[in-house]
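Secondary and tertiary structure notes
What follows is the residue order along each chain.
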Amino acid sequence: MKVKRTPGDFQVEELTDVVPADRGRFTFYRLEKTGIGTFEALETVRRRWNLSERQVSYGGLKDRHAQTLQYLTILDGPDHPLETESFLLEPLGRLSFAYGPPNFRGNRFTITLRDLSPRAIEQARASLASLPSDGVPNYFDDQRFGSVGFGGGFIARAWLLGEPETALRLAIAEPTESDRGESKLEKAILREHWGDWATVKAKLSRSHARSLATYLVDHPTDFRGAFARLRRDLRSIYFSAYQSHLWNRILGRWIERNSRPDQRAEFDFKVATLPIPIGLDPLDASTLSSTRIPLPSSRNPLPVEPLGAICREVLAEEGLVWEEFRVRKLEDVFFSKGDRAAIFHADRLHHTAGADELYPGRRKLTLGFELPKGAYATLVIKRITDAARPSEAPSNPSDHRAE
């Protein structure tokens, strides 16, 4: 199976009920983009229009490898469009408030799966038929864990266990799938000369890593201070990734406790093997669909039993305690508060099959559906392909990546 062989194979539209007006300090924009991530597009906008980061507010992050449509506001933003090779930003009117996550309800997806056999089409259709009753486990998918390197170590876990040097090394020297060119070279230098900060500084070109090496030349054992000098947005990503991983493990164990072995398939995600329920009994399906699981954080009360016991088990296996699960020694990074549905359902689900024009003799399947915000469309793909045939080897996970 192939995904994202053309930009139009993965389309995402943010769904909002916000209606712009003629007045207000916040200019409301529609951002249509292809082949660029939300962060990168907004960085270009800020640079072109000389904006501060605080002036720009948006709802959600949209994938780089897709055609996407989303909305944002800019405080006192221009009333004219901005167009580049990768995106078009168009003003729609004005708002009296900054647009953000509470202002959109979900996303609409149109996804084309390619290079399928007739049998794969049949299996996918059979799996699609059970989706309304089973739903899809609301895991954080692999794209949440881009900061986890090939070694599998979580940066935040090292920090929480009182190992700031390990945390820093994982953050700036551990190879990851996304490393390219200069980043690969930079990390190789750091690994080869770790601890010899004068040599690291001499070999690195001007960069954030070099500034950290400069700090360590003068403070060679202050790894906590060096880690605190990492960009705040990156540190937030590190701790969010670990919190998400723990939440996934809690959900996985909850699914295991509320289903039989023949009602689930094990799937290898990037950082864990997790169960996906298939063919649940109505009572089990109802239990899972009605469950909301709090994000691991001391700011969230431990849920009642038996879910509470699972939460304690998962954290204890990491050497952690729920009531003490907080970010220490960093004043500007926190674990998120709140909870998350255990199961999500794809609304307005429909599909069509036909000949694949890119792969002669093969078939393609085009899916359309809407998901609540925070749910990953890639999990729908996994559910109807790999999870539908648990006895077979899973497809290449790199063919599933999307937001």
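For the structure, see preceding data.
Here goes a summary of the coordinates provided. (Residues numbered from 1 in each chain as written. Predicted model: local features only at pLDDT ≥ 70, side-chain atom pairs only at ≥ 80, totals over all residues. Heavy atoms only, no water.)

1. Some thoughts on the overall build of the protein chain
Applicable threshold: Only runs of H or I of at least four residues qualify as helices and only runs of E of at least two qualify as strands under DSSP, and these elements are numbered from the N terminus. Only C-alpha atoms enter the radius of gyration, while the globule expectation follows 2.2 Å times N to the 0.38, with N the number of residues. Partly exposed residues are those whose accessible area sits between 20% and 50% of the maximum for their type, while under 20% is buried and over 50% is exposed, using a 1.4 Å probe and protein chains only. Whether two residues are in contact is decided by their heavy atoms: any pair within 4.5 Å suffices. By the counting rule applied here, Lys and Arg register as positive and Asp and Glu as negative, while His and the ends of each chain are not counted. The location of each charge is read from NZ of Lys, CZ of Arg, CG of Asp or CD of Glu.
When helices and strands are counted, the protein chain shows 12 helices and 16 strands. Against the globule reference of 22 Å for 403 residues, the protein chain gives a C-alpha radius of gyration of 23 Å, in line with a compact fold. Summarising its shape, the C-alpha atoms of the protein chain cover approximately 65 × 55 × 45 Å along the three principal directions. The 403 residues of the protein chain split such that 50% are buried. Within the protein chain, contacts between residues separated by at least 24 positions form 73% of all contacts whose residues are at least 6 apart in sequence. In the protein chain, 58 positive and 55 negative side-chain charges are present, and the distance between their average locations comes to 2 Å.

2. Things to note about the side chain of T112
The criterion, for reference: Nitrogen and oxygen atoms within 3.5 Å of one another constitute a polar contact, given that in protein one can donate a hydrogen and the other can accept it, and given that sequence-neighbouring residues count only through two side-chain atoms.
Within the element layout of this structure, T112 appears in strand β8 (residues 104-116). There is a polar contact of 3.2 Å between the side chain of T112 and the side chain of T366.

3. Observations concerning the side chain of R253
Position of R253 relative to the elements: it lies in helix α9 (residues 232-257). Residue contacts for R253: discarding those within four places in its chain leaves I310, E313, V314 and E317.

4. Focus on a nonpolar patch on the surface
Note the following rule: A patch is a set of surface residues, each over 30% in relative accessible area and not in a salt bridge, joined within 9 Å for like charges and within 5 Å for the nonpolar side chains Val, Leu, Ile, Met, Phe, Trp and Tyr. Only the protein chains shown count as cover for residues, and the accessible areas themselves come from Shrake-Rupley with a 1.4 Å probe. A side-chain nitrogen of Lys or Arg and a carboxyl oxygen of Asp or Glu constitute a salt bridge if their distance falls within 4 Å.
There is a patch of nonpolar side chains on the surface, built from F39, L61 and I237 and spanning about 240 Å² of accessible area. When you line up the elements, F39 lands in helix α1 (residues 38-49).

5. Quick notes on unusual backbone geometry
A cis amide bond links E305 with the next residue in sequence, P306, at an omega value of 5 degrees. As for its position among the elements, P306 is in the loop between β12 (292-294) and α11 (307-316). A positive phi angle, near 60 degrees, is found at D115, a position not held by glycine. Among the secondary structure elements, D115 is positioned in strand β8. Even without glycine at this site, K329 takes up a positive phi of about 70 degrees. Within the secondary structure, K329 is located in the loop between α11 and β13 (339-341).

Without other data, these values stay purely geometric and don't point to any function.
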